[in-house]
Amino acid sequence: MSCFKVCFKSGGARTGRLSTAHGKINTPFFMPVATKGAVKNIIHSDLKKMGFECLISNAFINYLNPGLSLIDSAMGLHKFMSWDKALFTDSGGFQLILDHFSPKINDAGVSMINPFNKSRELISPEKSISIQNSLGSDVAMCLDHQPIFGKSRVDYLESTIRTIEWAKRCIVFHNSNENKINPNQLLFGIVQGGNHIDLRKKCALALLQLGFDGVALGGFGIGEAQNDMFNIIKQTKKVLPENNCTYVMGIGSPLEILNCVSVGVDCFDSAYPTRMARHGLIFTSVGNIQIDKSINKNSFLPLDDSCDCFVCKTYSRAYLHHLFKTHEQNAHILLSYHNIYFIQNLIKNIRVSIKENNFNIFKKEFELKYIKKF
Ligand SMILES: [Zn+2]
């Protein structure tokens, strides 16, 4: 039985439910990024109050530090981080290719330098799944080979073939390894192929044949043009069955979310809202503002007068500008809270508009107000 069920449709958008061992997740949904087990500057209880039903952590980063033996002693990542709702883990395939780890990629896996003990070790597809089994996340992600943006078609072809081969090894290992922490852990494959639609479709079809619980799209947010990205998603969606929970990895700006939802994307994750907050870029219903600009110095308006988050109800732009300019930690806490609340509110409104078969009008009205500012 599929873990995902579509509930309502409006144009190309849909709502649905993803069933996991830690509860059902209403889709479309956005996962705040808890790379090391925490969302930067926001505590779990606040995320729950906002209605987030799922977080995503990073298997590779947790494996490096604090390490599996400590998380094993805690009986898995949910218990270690005291999060009782759904949890995805990314394999860390994206982090592994960063120069920081001096990666060498071949068919066996990714060999990298462990920054803690300086030894070179191999993260193979099997090893990546074994780590995620130990963490006990509700949805594990395959180790994939994501090429650096702008490579040649030959490079993309090679990485697509490798991604499919690794996906086969991931699913074989996942199905044969005893998962003591979360026996009902789901496994998603990841479509690669860059901007080459034929490679994307071939990769998606190959993954579907392997019988994953879901097929995600990776390799975005690394420099490609937005129109290319939406076109790839749209075209790849054509070969995915309706009951595939479609997760586009690394997307998190308001307009990108709206555009992706319009072509049937169900699941998002990104550090963008909290990272932008730390840089003073604030989402508002009438466009983004930069809190450190002098125009906010004497403004006693809220960040967004359409937002009912506690930051907007309590503090002025002038106060937040002051905190930000004086490098007070509370600036990051309050601004991150607002940005992530804004995204969750957008997602909730998207779901309502789909249920009321009103998504396209909602999208148009949101964009009209949001883009007007620029
Ligand atoms: Zn707010």
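A short note on the nonpolar core
Then step 1. Counting 90 residues, the largest nonpolar core has Phe60, Ile233, Phe268, Leu303 and Ile350 as the members making the most contacts within it.
Then step 2. In terms of residue count, the dominant contributor to this core is helix α14 (residues 329–355) (12 residues).
Then step 3. Of the domains in this structure, domain 1 (4–269) and domain 2 (277–372) are the two that each give at least three residues to this core.
Then step 4. In this structure leucine 303 touches Ile282, Thr284, Ile289, Ile291, Val311, Cys312, Arg317, Leu320, Leu335 and His338, once residues within four positions along its chain are discounted.
Then step 5. In terms of nonpolar packing, the next biggest core, distinct from the first, is built from 22 residues, Ile56, Val139, Phe188 and Ala216 among them.

Description of the sheet that holds strand β9 (residues 120–123)
Then step 1. Reading across the sheet, the three strands line up as β7-β8-β9 and stay open at both edges, with antiparallel pairing between neighbours. In this open sheet, the two strands that pair with only one neighbour each are β7 (104–106) and β9. Taking the axes of each pair of neighbouring strands and ignoring which way they run, one obtains an average angle of 20° across the sheet.
Then step 2. The pairing of strand β8 (residues 109–113) with β9 spans four bridges and is classified as antiparallel. Opposite serine 111, over in β9, you have leucine 122 as the bridge partner.
Then step 3. Across the face of the sheet, helix α6 (residues 125–135) comes into contact with β8 and β9 while running at roughly 80° to β9.
Then step 4. Strand contacts of helix α7 (residues 153–176): β7 and β8, with the helix running at about 75° to β7, the strand carrying the most contacts.

Brief notes about the packing of helix α9 (residues 226–237) against helix α10 (residues 254–262)
Then step 1. Two elements in contact, α9 and α10, have axes whose closest approach is 10 Å; the angle formed by their N-to-C orientations is 25°. Here α10 runs roughly parallel to α9, going by the angle between their axes. Along this stretch, α9 crosses α10, giving a crossing that reads as right-handed. Judged by residue contacts, Gln226, Met229, Phe230 and Ile233 of α9 engage Glu256, Asn259 and Cys260 from α10.

Topic: the coordination of the zinc ion
Then step 1. Looking at the metal site, the zinc ion is ligated by Cys307 (SG), Cys309 (SG), Cys312 (SG) and His338 (ND1), spaced 2.1 to 2.3 Å from it.
Then step 2. Angles of 98 to 117° at the metal separate the four donor atoms of the zinc ion, which places the site in the tetrahedral class.

Some details on the packing of aromatic side chains
Then step 1. Applying the stated criterion to the full structure yields 13 aromatic pairs.
Then step 2. Between the aromatic rings of tyrosine 315 and tyrosine 319, the centroid separation amounts to 5.3 Å while the plane-to-plane angle is 20°, which identifies the pairing as stacked.
Then step 3. Overall, the relative accessible area of 25% leaves tyrosine 315 in the partly exposed class.
Then step 4. Looking at tyrosine 319, the relative accessible area reads 35%, which means it is partly exposed.
Then step 5. Seen in terms of ring centroids, phenylalanine 342 and phenylalanine 366 are 6.3 Å apart; in terms of plane orientation they differ by 55°. Their pairing is tilted. Within this pair, whereas phenylalanine 342 is found in helix α14, its partner phenylalanine 366 is found in helix α15 (residues 359–372), the two being separated by 24 residues in sequence. Here phenylalanine 342 matches phenylalanine 366 in class, with each residue buried.

Remarks on the environment of glutamine 146
Then step 1. With respect to the helices and strands, the residue glutamine 146 is situated in the loop between β10 (139–141) and α7.
Then step 2. Between the C-alpha atom of glutamine 146 and that of proline 241, which follows or precedes it by 95 residues, the distance is 24 Å.
Then step 3. With residues near it in sequence (within four places) discarded, glutamine 146 still touches Phe94, Ile97, Gln192, Gly219 and Ile222.

Comments concerning the domain arrangement of the protein chain
Then step 1. The domains assigned to the protein chain are domain 1 (4–269) and domain 2 (277–372).
Then step 2. For domain 1 and domain 2, the distance between their C-alpha centres works out to 28 Å.
Then step 3. Each partner contributes residues to the interface: domain 1 has 30 residues there, and domain 2 has 30 residues.
Then step 4. Roughly 2,500 Å² of surface becomes buried between domain 1 and domain 2 when both sides are summed, with 73% attributable to carbon and sulfur atoms.
Then step 5. A per-residue breakdown of the area domain 1 buries against domain 2 is headed by Asn41, Met50 and Leu258, which together make up 28% of the total.
Then step 6. Our enumeration of links across domain 1 and domain 2 arrives at zero salt bridges.

Re the pairing of strand β2 (residues 13–20)
Then step 1. Extensive coverage of β2 is indicated by the burial of six of its eight residues.
Then step 2. Alignment of strand β1 (residues 4–10) against β2, held across five bridges, turns out to be antiparallel. Among the inter-strand pairings, phenylalanine 4 is bridged to a residue of β2, identified as leucine 18.
Then step 3. Bridge count between β2 and strand β3 (residues 23–27): five bridges; the pairing is antiparallel. Its bridge partner lying in β3, threonine 20 is registered against glycine 23.

Points about the sheet that holds β3
Then step 1. The strand order across the open sheet built from three strands is β1-β2-β3, with neighbouring strands paired in antiparallel fashion. Because the sheet does not close on itself, it has two edges, and the strands there are β1 and β3. If you compare each strand with its neighbour and ignore which way they point, the axes differ by 15° on average.
Then step 2. Together, β1, β2 and β3 form the strand contacts of α14, whose direction differs from that of β1 by roughly 70°.

Some remarks on the pattern of salt bridges
Then step 1. Summed over all chains, the structure comprises 10 salt bridges.
Then step 2. Residue lysine 48 pairs with aspartate 84 through a salt bridge whose shortest N-O separation is 2.7 Å. In this pair, lysine 48 is assigned in helix α1 (residues 44–50) and aspartate 84 in the loop between α4 (77–81) and β6 (86–90), connecting sequence segments 36 residues apart.
Then step 3. In this structure, glutamate 165 engages lysine 168 in a salt bridge whose closest nitrogen and oxygen atoms are separated by 3.0 Å. With glutamate 165 and lysine 168 both in helix α7 and three residues apart, the pair spans about one turn of that helix.
Then step 4. The exposure class of glutamate 165 is partly exposed, given its relative accessible area of 38%.
Then step 5. Members of the salt-bridge network, linked through shared partners, are Asp107, Glu158 and Arg162.

Procedures and definitions
- Residues numbered from 1 in each chain as written.
- Predicted model: local features only at pLDDT ≥ 70, side-chain atom pairs only at ≥ 80, totals over all residues.
- Heavy atoms only, no water.
- Core = buried A, V, L, I, M, F, W, Y, C linked by side-chain atoms within 4.5 Å.
- Buried < 20%, exposed > 50% of the residue type's maximum accessible area, 1.4 Å probe, protein only.
- Helix = DSSP H or I, 4+ residues; strand = E, 2+ residues; numbered from the N terminus.
- Domains from an automatic or database assignment.
- Contact = heavy atoms within 4.5 Å.
- Pairing = 2+ DSSP bridges.
- Axes fitted to C-alpha atoms, helices over the stretch in contact; angles between N-to-C directions.
- Parallel < 35°, antiparallel > 145°, perpendicular 65-115°, else oblique.
- Left-handed = near helix turned anticlockwise from the far one by under 90°.
- Donors = N, O, S within 2.8 Å, 3.2 Å for Na, K, Ca; no water.
- Tetrahedral: all angles 85-135°; square planar, octahedral: opposite > 155°, others 65-115°.
- Phe/Tyr/Trp six-rings, centres within 6.5 Å; stacked < 30°, edge-to-face > 60°.
- Buried area = accessible area lost by both parts, 1.4 Å probe.
- Salt bridge = Lys/Arg side-chain N within 4 Å of Asp/Glu carboxyl O.

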